[in-house]
There are 2 protein chains.
Amino acid sequence: MKLLADPLRAHIVRLLAEGPACTCHLVADTGATQSNVSNHLRALRHAGVVAAEPWGRFTYYRLQADVIEAAAEQLGALAARARATVDARREC
Amino acid sequence: MKLLADPLRAHIVRLLAEGPACTCHLVADTGATQSNVSNHLRALRHAGVVAAEPWGRFTYYRLQADVIEAAAEQLGALAARARATVDARREC
DNA sequence: GGCTGAGATCAGGCTGTGGTGATATCAGTT
DNA sequence: AACTGATATCACCACAGCCTGATCTCAGCC
């Protein structure tokens, strides 16, 4: 969840949502350093948000839709819960 | 979005999802300092995630379900987009 | 008016973490 | 095997953001 908080990581995730891409694409599209992108990709990889697929000399990254969807559902449940309890004001 | 990344803020949001509560409730339930909670509430307020409702001497906070739901929908759209483009591998 | 208790605000310290540069690895290619 | 280009890893610095402690405001109450 907190992984999507970083602007560059969010950018990477948005790019990957448009289809699997290799690191060079992400570096070119974000304009960030290769080291930087790679570091963020490692964080996303360890969290299971993206999956790495070596393809010859390149490494393709694929966004794991399930993980994103799970986060979305958690937020949705929170919103629903909030709506259901609008009148449950606790007394001091 | 990145507001929910902080553990304490996430805790506060979860508590508020169970119904509007005043600052003293949040302070008691989270075990955090009053200053700390108040600071986080300000951040959430400025982002429109929560709304403050003065009630006599107290201040009740209410979670804005719309904002949470909007975030959830954005994530959902991202996941859907990722699913739709699983085979759109870009060439290097 | 003076007091008390809830809450907001501010200044400072400290830690976590993102960015950078240099280096290591590893797969093709000659 | 030597070379190149893609990617990963590491060490370091710098800054943002969290936490705390102290102070300020404001509402209700005596």
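Residues numbered from 1 in each chain as written. Chains lettered and ligands numbered in written order. Predicted model: local features only at pLDDT ≥ 70, side-chain atom pairs only at ≥ 80, totals over all residues. Heavy atoms only, no water.

## Topic: the interface of chain B and chain A
Opposite the 41 residues of chain B that make contact, chain A presents 41 residues. Buried surface at the junction of chain B and chain A, summed over both partners, amounts to about 3700 Å²; 61% is from carbon and sulfur atoms. For the chain B face of the interface with chain A, the top three residues by lost area are Arg89, Arg90 and Cys92 of chain B, together amounting to 18%. Linking chain B with chain A are ten salt bridges, by the criterion used here. Between glutamate 53 of chain B and arginine 89 of chain A there is a salt bridge, and its shortest N-O distance comes to 3.9 Å. Among the elements of the structure, helix 1 (7–17), strand 1 (21–22), helix 2 (23–30), strand 2 (50–55), strand 3 (58–63) and helix 4 (65–84) of chain B are those that each provide at least two residues to the side of chain B that touches chain A. Ranked by residues supplied to the side of chain B that touches chain A, first place goes to helix 4 of chain B with 13 residues. (Contact = heavy atoms within 4.5 Å. Buried area = accessible area lost by both parts, 1.4 Å probe. Salt bridge = Lys/Arg side-chain N within 4 Å of Asp/Glu carboxyl O. Helix = DSSP H or I, 4+ residues; strand = E, 2+ residues; numbered from the N terminus.)

## Quick look at the packing of helix 4 (residues 65–84) of chain A against helix 1 of chain B
Axis separation between helix 4 of chain A and helix 1 of chain B bottoms out at 8 Å; the angle between their running directions is 40°. In this view, helix 4 of chain A runs oblique relative to helix 1 of chain B, as classed from their interaxial angle. Packed against helix 4 of chain A, whose contacting residues are Leu78, Arg81 and Ala82 of chain A, the element helix 1 of chain B presents Val13, Arg14 and Ala17 of chain B at the interface. In the contact of helix 4 of chain A with helix 1 of chain B, the residues fall into four nonpolar, no polar and two charged. (Axes fitted to C-alpha atoms, helices over the stretch in contact; angles between N-to-C directions. Parallel < 35°, antiparallel > 145°, perpendicular 65-115°, else oblique. Nonpolar A, V, L, I, M, F, W, Y, C, P; charged D, E, K, R; others polar.)

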